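Chain residues, written in single-letter form:
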Amino acid sequence: MIERKSLLLFLLFVALSISQGLLEAKELRKVSLEEVLSIGRLDDDTLFQWAGVAVDPQGNIYLSDAMDYSLKRFDSQGNLIKKAGGKGQGPGEFMAPRLLDCSENYLYATDQDFRGLKVFDRELNFVRNIMIKMLVSDLRILSDSEIAVTSLPMLEKPAVFIFDQEGKLVREIKYSDRDSPLMMDVVSFDFDQERNLYLAYNFQDRIEKWSKTGEKLWSINLLKVKKVKKKKVSSFVVPTELVFKDVAIDGEGNLFVLGGHFSQNRSCDVYVLNPEGKHLATFTLPDTSHCIYIDGKNCLYSRANQGITLKKFRMDYVYQ
Amino acid sequence: MFLHVLKRLKTIAILLAVFVLLSSFLAVPVEAGSCETALFACWDDFGWMALSGAVFCAAGYIFCKKYIRG
């Protein structure tokens, strides 16, 4: 009797091990998009030129609209609920609204020429400014007390800076020590749930993963781009072609990278990598976009009609 | 005396012509309305004397590259 029970337990253990192994071997092979929402049309004035997007856990969508200097809040069905902001340099006003991200309580916005962040509540009431003495080139809100930003690496060494809610620098992850040519170290970044950092260089064919303690885990050249075109402007040489435009991480830890001018479909191709940097799949957005955003339900948001339209897609994963 | 002034003026005119010619060669060879043109104009306005102005221009350039020049 005991032998029989032991045999059953052994078989159960073997079956579980095999099924676990099968699950681990499951690898994403294809991503297909299904459009589930579209906000803004060419013949209406809902959006003029949206720049930043953020989505809260309830599915409300927040957009910054560069052409009318505003923030706009839409419900999950795409109905405009509220508009805030306006042109100016006063509290809650914008000269060039850009990036957005949200925490559980607040919405954080950047203004291109403003050295800091503008904080709003979920109802788009202005709360306060956070002064951080640098122009923000990318932004991720990890929590209300961990605000991660990059600045253009011209005044500072290339790094991701993490500030608290008062604008005090908590820590920084330096991703380069060398003095690169102008703008070559500009990155888009995102963090996974374990706080590992992913970087996609805008003007270099380089994607990197860094640990939360600041160690480089891997670095890859995905598109095999050897040289980015440069042009002399005034007395300086600047890169003129973007390799990667934006990054986002889904709920499963896959990295999504929006390609730029070197992609087969310029500003439309999205490369999907696993957390080890292995290229799993590529899919193509129906229209060119400057950014990608993935919400908590693995829906992807991108631009259409040159910023007049926001598209929301449900992503279906095909595994091998 | 008159001839001397005339000679000076001629020299200045030649120098000016050379300067104009050189300036046109040094001009940024970019198409109208491009991000590079905007960056050139911005740097021209702010000048590289103020580094913060240069950063401000660079931020606009990157936005233009990402957003406008799909």
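Residues numbered from 1 in each chain as written. Chains lettered and ligands numbered in written order. Predicted model: local features only at pLDDT ≥ 70, side-chain atom pairs only at ≥ 80, totals over all residues.

Draft legend 1. Up close: the pairing of strand S12 (residues 159-163) of chain A. Residue and element names in this part refer to chain A. Pairing between strand S11 (residues 146-151) and S12: 4 bridges, direction antiparallel. In the strand pairing of S12, Thr150 is matched with Val160. As paired elements, S12 and strand S13 (residues 169-174) share 5 bridges and run antiparallel to each other. The residue of S13 that forms the bridge with Ile162 is Arg171. (Pairing = 2+ DSSP bridges. Helix = DSSP H or I, 4+ residues; strand = E, 2+ residues; numbered from the N terminus.)

Draft legend 2. Inspection of helix H3 (residues 51-68) of chain B at higher detail. Compared with an ideal rise of 1.5 Å per residue, which puts 18 residues at 26 Å, H3 of chain B spans 25 Å between its outermost C-alpha atoms and is within 8% of the ideal. The complete set of buried residues in H3 of chain B reads Ala54, Val55, Cys57, Ala58, Ala59, Tyr61, Ile62, Lys65, Lys66 and Tyr67 of chain B. Each element contacted by the buried residues of H3 of chain B is listed here: strand S2 (50-55), strand S10 (136-143), strand S19 (236-239) and strand S20 (244-249) of chain A together with helix H2 (35-46) of chain B. (Expected span 1.5 Å × (residues − 1). Buried ≥ 20, exposed ≤ 12 C-beta atoms within 10 Å, placed from the backbone. Contact = placed C-beta atoms within 7 Å.)

Draft legend 3. Spatial organisation of the interface of chain B and chain A. Counting from both sides, the interface comprises 21 residues of chain B and, opposite them, 23 residues of chain A. If you list the elements that add at least two residues to the side of chain B that touches chain A, you get H2 and H3 of chain B. Sorting elements by how many residues they give to the side of chain B that touches chain A places H3 of chain B first, with 13 residues. Per-class residue counts for the side of chain B that touches chain A are 15 nonpolar, 2 polar and 4 charged. (Nonpolar A, V, L, I, M, F, W, Y, C, P; charged D, E, K, R; others polar.)

Draft legend 4. Structural detail: the confidence of the model for chain B. All names here are of chain B. This prediction gives chain B a mean pLDDT of 68; 46% of its residues lie at or above 70. The least confident element of chain B is helix H1 (residues 2-26), whose mean pLDDT is 53; the most confident is H2, at 88. Below pLDDT 50 for its whole length, residues 18-32 participates in 8 contacts with residues either more than four positions away or in separate chains. Interface scoring of the predicted complex returns ipTM 0.86; its pTM is 0.85. (pLDDT = per-residue confidence, 0-100.)

Draft legend 5. Structural view of the environment of Lys26 of chain A. Residues and elements named next belong to chain A. When you line up the elements, Lys26 lands in the loop between helix H1 (2-25) and strand S1 (28-39). Residue classification places Lys26 among the exposed positions, given that 11 C-beta atoms sit within 10 Å. Taking the C-alpha atoms as reference, Lys26 lies 22 Å from Trp218; in sequence the two are 192 residues apart.

Draft legend 6. Examining the sheet that holds strand S5 (residues 80-85) of chain A more closely. All names here are of chain A. Taken in spatial order, the 4 strands of this open sheet run S2-S3-S4-S5, and their pairing is antiparallel. With one partner strand each, in any of the chains shown, S2 and S5 form the two edges of the open sheet. When strand polarity is set aside, the average angle formed by the axes of neighbouring strands in this sheet is 20°. (Axes fitted to C-alpha atoms, helices over the stretch in contact; angles between N-to-C directions.)

Draft legend 7. Quick peek at H2 of chain B. With 12 residues, H2 of chain B should cover 16 Å at 1.5 Å per step; its first-to-last C-alpha distance of 16 Å lies within 8% of that length. Buried residues of H2 of chain B: Cys35, Glu36, Leu39, Phe40 and Trp43 of chain B, and no others. Burial along H2 of chain B is one-sided: seen end-on, the buried residues are contained in an arc of 140°. Looking at the buried side of H2 of chain B, the elements it contacts are strand S18 (230-233) and S19 of chain A together with H3 of chain B. (Arc of directions from axis to C-beta.)

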